[in-house]
Amino acid sequence: MADKNEILAGLAEIVNEETGLEVEEVQSDKSFTEDLDIDSISMMTIVVNAEEKFDVKIPDEEVKNLTTVGDAVDFIANAQG
Amino acid sequence: MTRRLVITGLGATTPIGGDVDTLWANSLAGTPGAKTLEHDWVEKYELPVTFAGEVSVEPAEVLAKPETRRMDRSTQLGMVAARQAWADAGLVRPKDEGYDLDPERVAVSFATGIGGVWTLLDSWDTLRERGPRRVMPMTVPMLMPNGAAGAISLDLGAQGGARTAVSACASGVEALDVALEMLRKGDVDVVLAGGTEAAIHPLPMAAFASLQALSKRNDDPAAASRPYDRDRDGFVMGEGAGALVVETEEHAKARGAKIYAELAGAAVTSDAHHITAPDPEALGASRALRRALESAGADLSDVTHVNAHATSTPVGDKPEYYALKSVFGDHLENICVSATKSQTGHLLGAAGAVESVLTVKALRERRAPVTINLDHQDPEMPLDVVTGTPRELGDKQQVALCNSFGFGGHNAVAAFRTY
């Protein structure tokens, strides 16, 4: 279990690892594709790494709904229940 | 009219140097690249061969971290060499200031023997240990043998074609044959050519050892690669990449590029004899030599230097000698031979590319690099092998050859001329 700030920080680390983007750039209101320039392959890699890190399942059909970093944080928080 | 082709840029990352200047200096000095491997997997899997030639500069020291995550090690090494060659040629990439190439007339010909073997086997381990969800989406583009060619074409903005010769240990020279073909056809003006390999992984190490192809001189890795020596007992696995910018003379001159040498000709043939053993009569290798000379418009007497394939296996070195003897006859005594695998080890699909870089440097600097570990030359191969100190090649216009042969019966020869 983690609060949303912890999830955001963890997600930012995953994004940094995959793309080299600074963790400070990974903010809740940022769009993965528009703002962070993350392509579908990187997105899937981030999703799989997030599943492991937060011990959740993020179904493939759900990924397209995760437009912003905040969407992903919310989904992970809810999935952790 | 045949377009004249020239070499304008060189790049390399090898066990004896992470750039061309270091590689060249070490190849003149005589520097063994093989060392005992310090990976835990050597002991874990009880590998019969415990040494190899790893690159002296890790690609992660040169490339940005997010780049390395999307590239198999073989592509990483290829990218390092390709960028060096491109910069050495005075060329920039589309995103850089001053880019003025027509991207549709720029191509890539980048070879490999095996491709992304680390990615393939790591992913298989991941699947078995952690399930399919953990198999990364980049797995396919990282393991495919054209991965390096594709990634380099993307990096250089090359839209004129990105091709991959795959012919085992002949791949690196075959890449030059492909480049020559593309340029002579007239479709492109510039080709980034080369080859890469990164197969120092327990499986290929075990497999080559199982073929009895590797030297087992575990107690003395530096002395293990000894082409033409009576006591040679196999090749030394190496990794690395070499790259050459090949362009039309017209294009090079128009942009005021420095010219190292001419890529005068190239040829490939196949033995159709045996899947791994060379044809003992070396008919295929002889045909490749003759065709390369014909392609270069060169006379036998023009040739002064050969960078030999010479891997240091008991069965492999001799047929190359027979091929040279049958083609050059008495002139062979005027040709000095360098077996640089004695220093670098055998870089498989990168070997011909790195050795072509050394051949071009030899013509440019008029000196042939040395062969080490030749303590007792096998009397059945009475070649004039360069040992001890580099050989001066003299001022006259001359041709040098680079030979590469591979499992599958592949023979590839490139011919370079002083410029």
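Residues numbered from 1 in each chain as written. Chains lettered and ligands numbered in written order. Predicted model: local features only at pLDDT ≥ 70, side-chain atom pairs only at ≥ 80, totals over all residues.

**Considering the overall build of chain A**
Filter applied, for reference: Starting at the N terminus, helices and strands are each numbered in turn, a helix being any DSSP run of H or I of at least four residues and a strand any DSSP run of E of at least two. The quantity called the radius of gyration is restricted to C-alpha atoms. Its globule counterpart is 2.2 Å times the number of residues to the power 0.38. Note that contacts rest on C-beta atoms placed from the backbone: two residues are in contact if these are within 7 Å.
Secondary structure summary: chain A contains four helices and zero strands in total. Reading chain A from its N end, one meets helices and strands in the order α-α-α-α. A compact globule built from 81 residues should have a C-alpha radius of gyration of about 12 Å, and chain A, at 11 Å, falls within 12% of that. Judged by the C-alpha coordinates and their principal axes, chain A covers about 30 × 25 × 20 Å. Sequence-distant contacts, at least 24 apart, represent 56% of the contacts inside chain A between residues at least 6 apart.

**Thoughts on the overall build of chain B**
Counted only if it meets this: Put simply, a residue is buried when 20 or more other C-beta atoms lie within 10 Å of its own C-beta and exposed when 12 or fewer do; between those, it is partly exposed, and each C-beta is set from the backbone.
If you tally the helices and strands in chain B, you get 14 helices and 15 strands. Taking 22 Å as the expected radius of gyration for a compact globule of 419 residues, we find that chain B reaches 20 Å, a close match to that expectation. The principal-axis extent of the C-alpha atoms belonging to chain B is close to 65 × 55 × 40 Å. Counting over 419 residues, chain B shows a buried share of 58%. Long-range contacts, defined here as pairs at least 24 residues apart, represent 81% of the contacts in chain B between residues at least 6 apart.

**Points about the interface of chain A and chain B**
Keep this limit in mind: The residue classification treats Ala, Val, Leu, Ile, Met, Phe, Trp, Tyr, Cys and Pro as nonpolar and Asp, Glu, Lys and Arg as charged. All others, Gly included, are polar.
Across the contact, seven residues belong to chain A and nine residues belong to chain B. Class assignment of the residues belonging to the side of chain A that touches chain B gives a composition of three nonpolar, three polar and one charged.

**Observations regarding unusual backbone geometry**
All names here are of chain B. Phi is positive for tyrosine 228, which is not a glycine, with a value near 70 degrees. Along the chain, tyrosine 228 falls in the loop between α9 (202–210) and β7 (240–248). Residue class for tyrosine 228 comes out buried when judged on the 27 C-beta atoms lying within 10 Å of it. Notably, alanine 272 is not glycine yet its phi reads approximately 50 degrees, a positive angle.

**Details of the sheet that holds strand β4 (residues 106–112) of chain B**
Sheet strands pair by backbone hydrogen bonding; their relative direction is either parallel or antiparallel. All names here are of chain B. For clarity, the threshold we go by: Pairing between strands is defined by DSSP: at least two bridges between the two strands are required. Each axis is a line fitted through C-alpha atoms, and for a helix only the stretch in contact is used; angles between axes span 0 to 180 degrees, taken between their N-to-C directions.
Ordered by their spatial adjacency, eleven strands build an open sheet running β5-β4-β6-β7-β1-β8-β15-β14-β9-β10-β12, and the pairing between neighbours is mixed. Each having just a single partner strand, β5 (162–163) and β12 (384–385) make up the two edges of the open sheet. Here β4 runs beside strand β6 (residues 190–197); their pairing, made up of seven bridges, is parallel. For serine 109, the partnering residue across the bridge sits in β6 and is alanine 193. Across the sheet, helix α8 (residues 171–185) touches β1 (5–13), β4, β5, β6, β7, β8 (261–270), β14 (399–406) and β15 (410–418), and the angle it forms with β4 is around 160 degrees.

**Here we look at the UniProt feature "domain: Carrier" (unreviewed entry) in chain A**
Quick note on the threshold: UniProt positions are given in the numbering used here, feature names are shortened, and annotations may be inferred rather than shown by experiment.
Summarizing the sequence annotation, UniProt attributes the feature "domain: Carrier" (unreviewed entry) to residues 2–80 of chain A in the numbering used throughout. Helix makes up 59% of residues 2–80 of chain A and strand 0%, with an end-to-end C-alpha separation of 8 Å.

**Examining the confidence of the model for chain B**
To keep things clear, this is the line we draw: Values of pLDDT, the confidence the predictor places in each residue, fall between 0 and 100.
Residue-level pLDDT values for chain B average 97, and 100% of them are 70 or greater. At the level of chain-chain contacts, confidence expressed as ipTM amounts to 0.83, with global pTM at 0.95.

**Looking at the UniProt feature "modified residue: O-(pantetheine 4'-phosphoryl)serine" (unreviewed entry) in chain A**
All names here are of chain A. The UniProt record marks Ser40 with the feature "modified residue: O-(pantetheine 4'-phosphoryl)serine" (unreviewed entry), using the residue numbering of this structure. Position of serine 40 among the secondary structure elements: in helix α2 (residues 40–54). Residue serine 40 is classed as exposed on the basis of its C-beta count, with 12 C-beta atoms lying within 10 Å.

**A closer look at the nonpolar core**
Filter applied, for reference: For the purposes of this analysis, a nonpolar core is taken to be any set of buried Ala, Val, Leu, Ile, Met, Phe, Trp, Tyr and Cys residues that are connected through C-beta atoms within 7 Å.
In terms of nonpolar packing, the biggest core is built from 133 residues, with Val191, Leu192, Ala292, Val413, Ala414 and Ala415 of chain B touching the most fellow members. Among all residues touching alanine 292 of chain B, those that are not within four sequence positions of it are Gly265, Ala266, Ala267, Leu401, Val413, Ala414 and Ala415 of chain B. Counting residues in each nonpolar core, the second largest holds 19 residues, with Leu11, Val15, Met43 and Ile58 of chain A among its members.

**Brief notes about the packing of helix α1 (residues 4–19) of chain A against α2 of chain A**
Residue and element names in this part refer to chain A. To keep it simple, the criterion reads: Oblique is the label for any angle not covered by the other classes, which are roughly parallel (under 35 degrees), roughly antiparallel (over 145) and roughly perpendicular (65 to 115). Handedness of a crossing is defined here by the sense of rotation of the near helix relative to the far one, left-handed for an anticlockwise turn of less than a right angle and right-handed for a clockwise turn.
Taken N-terminus to C-terminus, the directions of α1 and α2 make an angle of 135 degrees; their axes are 10 Å apart at the nearest point. When the axis of α1 is compared with that of α2, the two are oblique. By crossing handedness, the relation of α1 to α2 is classed as right-handed. Only Ser42, Thr45, Ile46, Asn49, Ala50, Lys53 and Phe54 of α2 make contact with α1, whose side of the interface consists of Ile7, Gly10, Leu11, Ile14, Val15, Glu18 and Thr19. Grouping the constituent residues of the contact of α1 with α2 by class yields seven nonpolar, five polar and two charged.

**Examining the environment of glutamate 38 of chain B**
Residue and element names in this part refer to chain B. Its place among the elements puts glutamate 38 in the loop between β2 (35–36) and α2 (40–44). Taking the number of C-beta atoms within 10 Å as the measure of exposure, glutamate 38 has 8 and is therefore exposed. As a C-alpha pair, glutamate 38 and phenylalanine 51 span 13 residues in sequence and 8.6 Å in three-dimensional space.

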